[in-house]
Amino acid sequence: MQKSVIYITRKIPRTLVEPYEDTYEFRMWDKADEPVPRDVLVTEAKNADGLLCLLSEKIDADFLDQVPNLKIVANMAVGFDNIDVNEAKKRGIVVTNTPDVLTETTADLTFALLMATARRITEASDYIKQDQWNHWSPFMLAGSDIHHKTIGIVGMGRIGEAVARRAKGFGMKVKYYNRSRKPNAEQELDATYLAFDELLETADFVVSLVPLTAESKQIFNKEAFEKMKRSAIFINASRGGVVDEAALIQALENKEITAAGLDVFEKEPISADHPLMKLENAVCLPHIGSASTATREDMISLCFKNIAAVLTGDEPLTPVN
Ligand code: NAP
Ligand code: GLV
């Protein structure tokens, strides 16, 4: 019998594919650090039954029109704003993501970014490397305290709650804004629900963990930054599209807010000559929220489990449509 074909859009370790090789034929883009060109992706996906793709691949109606055999798109990410889920559904294509397996790793990074931004850690490290440390002085690289401050989490989902747990360990007060109330988080984490504007006005740290959707697009705009305290630190670990970047740059340049820690950007990858990279009060990371080796392996493994389930006629483990 002919094996079903699975196309993987980036080179991944063969060991992750091996357990499935007797059952499926795997085809893979052969570069680990370069995205597959669109025309190659379309050609390969035309013959594929399953697709394992990354958040950088745009899976839209135009693409879906060209891949008649495809039964499942397994996105190696929990966010799925790169996929037109409704168009996939219309064509009977299952879409899956990778929730839960990356929650704690992403929360670790989000909190690390918050700490690095508040305590100016990357700047301090550069200070020595650039040979600027000539004296110890009272306010050299003085930053903002974290302990006992108020964290305002926008998007109190799996990762939001995991960040709140870390914040509790630092004695922080936890406030949140979410589409729906979270009674468990309110009870277990003593988290207080606030309207969006009230959260912006009162939080010392405003942390975005809200998925990018039509409703959340650019919710952090000029008005939002104006509402934040001048001492506020903004952390974005969800998607660049929830921020109006021009407004953020203006707020940082004019010191309307104190600093920002960003793991995600409107357009990725962002280049070194982007205005955000010129700002001392912006700590920027290349979208590494879930980037521990173990978690990345778990994400790939979950993609395969979803693909195998769908191709054998079972329910996927983590469907989004
Ligand atoms: P999740 O469990 O689905 O949590 C998302 C939360 O946001 C839910 O509580 C949801 O509310 C709420 N929400 C959705 N739309 C909203 C809106 N318009 N206004 C207010 N609240 C809204 O997802 P997760 O696993 O925590 O992941 C969250 C996001 O983090 C992902 O979508 C992704 O963009 C990002 N992420 C980034 C990285 C990284 O590398 N930086 C890694 C992983 C994830 P309901 O409960 O009402 O649905
Ligand atoms: C990463 O950004 C994800 O959504 O998993």
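Here, the structure is the one placed above.
The sections below set out a description of the structure shown in this document. (Residues numbered from 1 in each chain as written. Chains lettered and ligands numbered in written order. Predicted model: local features only at pLDDT ≥ 70, side-chain atom pairs only at ≥ 80, totals over all residues. Heavy atoms only, no water.)

### Overview of the site of ligand 1
As a reminder of what qualifies: Residues are counted as near a molecule or strand when any one of their heavy atoms sits within 4 Å of it. N or O atoms closer than or at 3.5 Å make up a polar contact, with two conditions inside protein: a donor-capable atom paired with an acceptor-capable one, and, for residues adjacent in sequence, both atoms drawn from side chains. What sets the accessible areas is the Shrake-Rupley method with a 1.4 Å probe; for residues, cover comes only from the shown protein chains.
Near ligand 1 there are 25 residues, and of these I159, N178, R179, S180 and D263 occur at the shortest range. The contact in question runs from an oxygen atom of ligand 1 to an N or O atom on the backbone of I159, over 2.9 Å. Take G289: an N or O atom from its main chain is 3.1 Å from an oxygen atom of ligand 1. Protein burial of ligand 1: of its 940 Å² of free accessible surface, 87% is covered by the chains.

### Digging into the site of ligand 2
For clarity, the cut-off: Each residue receives one of three labels: charged for Asp, Glu, Lys and Arg, nonpolar for Ala, Val, Leu, Ile, Met, Phe, Trp, Tyr, Cys and Pro, and polar for the others, Gly being one of them.
Around ligand 2, the structure places L55, A77, V78, G79, L102, R239 and H287. Here H287 contributes a side-chain N or O atom positioned 2.6 Å from an oxygen atom of ligand 2. Here ligand 2 loses 87% of its free accessible area of 190 Å² to cover by the protein chains. Split by residue class, the shell around ligand 2 holds four nonpolar, two polar and one charged.

### Observations concerning the nonpolar core
Formally: Throughout, nonpolar core names a set of buried Ala, Val, Leu, Ile, Met, Phe, Trp, Tyr and Cys residues whose side chains join them through atoms within 4.5 Å. Each residue is placed in one exposure class: buried if its accessible area under a 1.4 Å probe, protein chains only, is under 20% of its type's maximum, exposed if it is over 50%, and partly exposed if it falls in between. Where helices and strands are cited, they refer to DSSP runs of H or I of at least four residues and of E of at least two residues respectively, numbered from the N terminus. These domain limits were set by an automatic method or by a database of domain assignments. Contact criterion: two residues are considered in contact whenever any of their non-hydrogen atoms come within 4.5 Å of each other.
Ranked by size, the top nonpolar core spans 52 residues in total, and within it I151, F205 and F304 carry the most contacts. Looking at this core element by element, the count peaks at eight residues for helix α12 (residues 293-311). Of the domains in this structure, domain 1 (4-101 + 293-311) and domain 2 (103-284) are the two that each give at least three residues to this core. If we ignore the near neighbours within four places in the chain, the residues touching F205 are L114, A118, D145, I146, K149, T150, I151, G152, M172 and I233. Core analysis: the second largest hydrophobic core is formed by 29 residues, A203, F220, A232 and A251 among them.

### A short note on the side chain of T105
Looking at where T105 falls in the secondary structure, it is placed in helix α5 (residues 103-118). The class for T105 is buried, based on a relative accessible area of 18%. A polar contact is formed between the side chain of T105 and the side chain of T295, at a distance of 2.6 Å. Not counting residues up to four positions away in its chain, the partners in contact with T105 are G289, S290, A291, S292 and T295.

### Let's talk about the pairing of strand β4 (residues 72-75)
For the record, the criterion: Think of it this way: DSSP has to see at least two bridges between two strands before they count as a pair. Every crossover in which the path from the first strand over the helix to the second runs clockwise, viewed with the strands pointing away from the viewer, is termed right-handed.
Neither face of β4 is open: one carries I72 and A74, the other V73 and N75, and all of them are buried. For β4 and strand β5 (residues 94-96), the ladder comprises three bridges, and the chain directions are parallel. Looking at the pairing, A74 lines up with T96 of β5. Between the parallel pair β4 and β5, the chain is carried across by helix α4 (residues 85-90), and the sense of this crossover is right-handed.

### Quick notes on the sheet that holds strand β7 (residues 173-177)
Just so we agree on the cut-off: With axes taken as lines fitted to C-alpha atoms, and helix axes fitted only over the stretch in contact, angles between N-to-C directions fall between 0 and 180 degrees.
Strand order in the open sheet formed by seven strands is β8-β7-β6-β9-β10-β11-β12, and the pairing between neighbours is parallel. The sheet is open, and its two edges are formed by β8 (192-193) and β12 (282-284), each paired on a single side. Against the sheet, α5 engages β6 (150-154), β9 (205-208), β10 (233-236), β11 (259-262) and β12, with an angle of about 150 degrees to β10.

### Looking at the pairing of strand β3 (residues 50-53)
Burial along β3 is two-sided: the residues G50 and L52 and L51 and C53 are all buried. Note: strand β1 (residues 4-8) against β3, three bridges, orientation parallel. When the sheet's bridge partners are listed, I8 is paired in β3 with L52. Judged from the four bridges that link them, β3 and β4 form a sheet pairing that is parallel. Following the sheet pairing, G50 is matched in β4 by I72.

So, to be careful, I would describe these as geometric facts and stop short of saying anything about function.
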